[in-house]
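Each chain, letter by letter, is given below.
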Amino acid sequence: MPIAESELILNKDGSIYHLNLLPDHLSETIITVGDPERVPTVSQHFDSIETKIHKREFVTHVGYYRGKRLTVISTGMGTDNIDILMNELDALVNIDFVTREPRPLEERISLRIVRVGTSGSLQADIPVGSLLVSEHAVGLDSLMQFYPLVETGLEVEVARGVQQSLQLDYRPYCVRGSDLLREQLGAGMVTGNTLTCPGFYGPQGRVLRLDLRMANLIEQFQQFRYHSAEGEFRLTNFEMETAGYYSLGRMLGHEVTSLNAIVANRATGEFAANSEQVVNDLIAKTLERI
Ligand code: R1P
Ligand code: URA
């Protein structure tokens, strides 16, 4: 059965609804960033740029870096945007836009997707200026209420532990990213477990003028531990997208990793004076290794 026009929405030129891209535009290796202004910061290193397309917060540049075809695309903030990004990227490679049928299993393409984003550290021993690769992500957002994510025993236990320690009335989700990409791109970086929050202020324990429902939220995040045969699991940092990437990547069959430039430290109250430099360092390392 072809996928209906209301489900797989194509623009008049045949491009996918939000990303505005045609299947031929995309490379199999993709760097994603939250901030649309970070796209040219990445693509300025390319030898050549063949395509520049934008719609809403999704700015895309496709080009060549040291002979390798790369796409860099911005997502805006939050896992709701990652739902759009991941489904539309997957549709571009794994659905035939003419027949509107998913490609047969043996023809499915697995993309390599690398998030290059900023993040706040939860632990005093991970200072601002650190670069961190996320081994696991724990999602406090509601995206996985709508998909049948299969989690391992360890992932379920960690997620239950976070639920208990925060006394949440829903179970967060926990998912490990691509080991392959983490090892390739994250060598020498801090390996961490990233908490994905559905907001920057209250959900990350920031108090400006509003009190929070949960007292000591940051301390709860900092002190959370889960012990298993694999060792001690602690939450190292937070941001707003990684768990969405890892869960949708697993379900759709794409390799995904999340690289974090630590610009704030919530244990010490610091914000990096040179946050742009930290992000530029992360971009340079990513391009060198990709
Ligand atoms: C919040 O300031 C934003 O920064 C982080 C968070 O995940 C959120 O998107 O990532 P980016 O720097 O990639 O946007
Ligand atoms: N991005 C976040 O989501 N939180 C921080 O503290 C810093 C960057």
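This text follows the structure it describes.
Here the structure is a predicted model, which means the values were calculated and not measured.

1. What to know about the overall build of the protein chain
Logical step 1: Across its full length, the protein chain carries 7 helices and 15 strands.
Logical step 2: Against the compact-globule benchmark of 19 Å for 290 residues, the protein chain has a radius of gyration of 19 Å, which places it among compact chains.
Logical step 3: In terms of overall dimensions, the protein chain has a C-alpha envelope of 55 × 40 × 40 Å along the principal axes.
Logical step 4: Residues classed as buried in the protein chain amount to 52% of the 290 residues present.
Logical step 5: Within the protein chain, residue pairs in contact and separated by at least 24 positions form 75% of the contacts whose partners lie at least 6 positions apart.
Logical step 6: In the structure as shown, the protein chain presents an accessible area of about 13,600 Å², 50% of it carried by carbon and sulfur atoms.

2. Here we look at the layout of surface pockets
Logical step 1: One number sums up the size of the largest pocket: a volume of about 710 Å³.
Logical step 2: Taken together, 31 residues make up the lining of the largest pocket; nearest its centre are Asp35, Arg38, Gly117, Thr118 and Val263.
Logical step 3: Tallied by class, residues from the lining of the largest pocket come to 11 nonpolar, 12 polar and 8 charged.
Logical step 4: A volume near 350 Å³ is recorded for the second largest pocket.

3. Quick word on the site of ligand 2
Logical step 1: Thr118, Ser119, Gly120, Phe200, Gln204, Arg206, Phe238, Glu239, Met240, Val263 and Ala264 make up every residue found near ligand 2.
Logical step 2: The separation between a nitrogen atom of ligand 2 and a polar side-chain atom of glutamine 204 is 2.8 Å.
Logical step 3: Within the side chain of arginine 206, a nitrogen or oxygen atom sits 2.6 Å from an oxygen atom of ligand 2.
Logical step 4: Summarising the interface, the protein chains cover 92% of the accessible area of ligand 2, which totals 230 Å² for the free molecule.
Logical step 5: A molecule is said to occupy a pocket when more than half its atoms come within 2 Å of that pocket's grid points, and by this definition ligand 2 occupies the largest pocket.
Logical step 6: Mapped by element, the contributors of at least two residues to the shell around ligand 2 are strand E7 (112-121), strand E13 (237-239) and strand E14 (255-265).
Logical step 7: If you tally residues by element for the shell around ligand 2, the top one is E7, at 3 residues.
Logical step 8: Partitioned by chemical class, the residues of the shell around ligand 2 number 5 nonpolar, 4 polar and 2 charged.

4. A word on the nonpolar core
Logical step 1: Among the nonpolar cores identified, the biggest contains 31 residues, and Leu19, Leu26, Leu85, Met86, Leu89, Ile113 and Tyr245 are the most heavily contacted of them.
Logical step 2: Residue assignment for this core shows that the elements contributing at least two residues are helix H2 (79-94), strand E9 (173-176) and helix H6 (242-252).
Logical step 3: For this core, the element with the most residues is H2, which contributes 7 residues.
Logical step 4: The two domains that each donate at least three residues to this core are domain 1 (1-109) and domain 2 (116-290).
Logical step 5: For isoleucine 113, the contacting residues outside a window of four places in its chain are Ile30, Thr32, Met86, Leu89, Leu181, Tyr245, His254, Glu255, Val256 and Thr257.
Logical step 6: Formed by 24 residues, the second largest nonpolar core is a distinct cluster that contains Leu181, Val278, Val279 and Leu282.

Quick notes on the rules
- Residues numbered from 1 in each chain as written.
- Chains lettered and ligands numbered in written order.
- Predicted model: local features only at pLDDT ≥ 70, side-chain atom pairs only at ≥ 80, totals over all residues.
- Heavy atoms only, no water.
- Helix = DSSP H or I, 4+ residues; strand = E, 2+ residues; numbered from the N terminus.
- Rg over C-alpha atoms; globule rule 2.2 N^0.38 Å.
- Buried < 20%, exposed > 50% of the residue type's maximum accessible area, 1.4 Å probe, protein only.
- Contact = heavy atoms within 4.5 Å.
- Areas by Shrake-Rupley, 256 points an atom, 1.4 Å probe, with all protein chains shown as cover.
- 1 Å grid on protein atoms, 1.4 Å probe; cavity = no way out; pocket = protein on both sides within 12 Å on 5 of 7 lines; lining within 4 Å.
- Points joined across faces, edges and corners; volume = space filled by probe spheres on them.
- Nonpolar A, V, L, I, M, F, W, Y, C, P; charged D, E, K, R; others polar.
- Near = heavy atom within 4 Å.
- Polar contact = N/O pair within 3.5 Å; in protein donor to acceptor, adjacent residues only side chain to side chain.
- Sits in = over half its atoms within 2 Å of the grid points.
- Core = buried A, V, L, I, M, F, W, Y, C linked by side-chain atoms within 4.5 Å.
- Domains from an automatic or database assignment.

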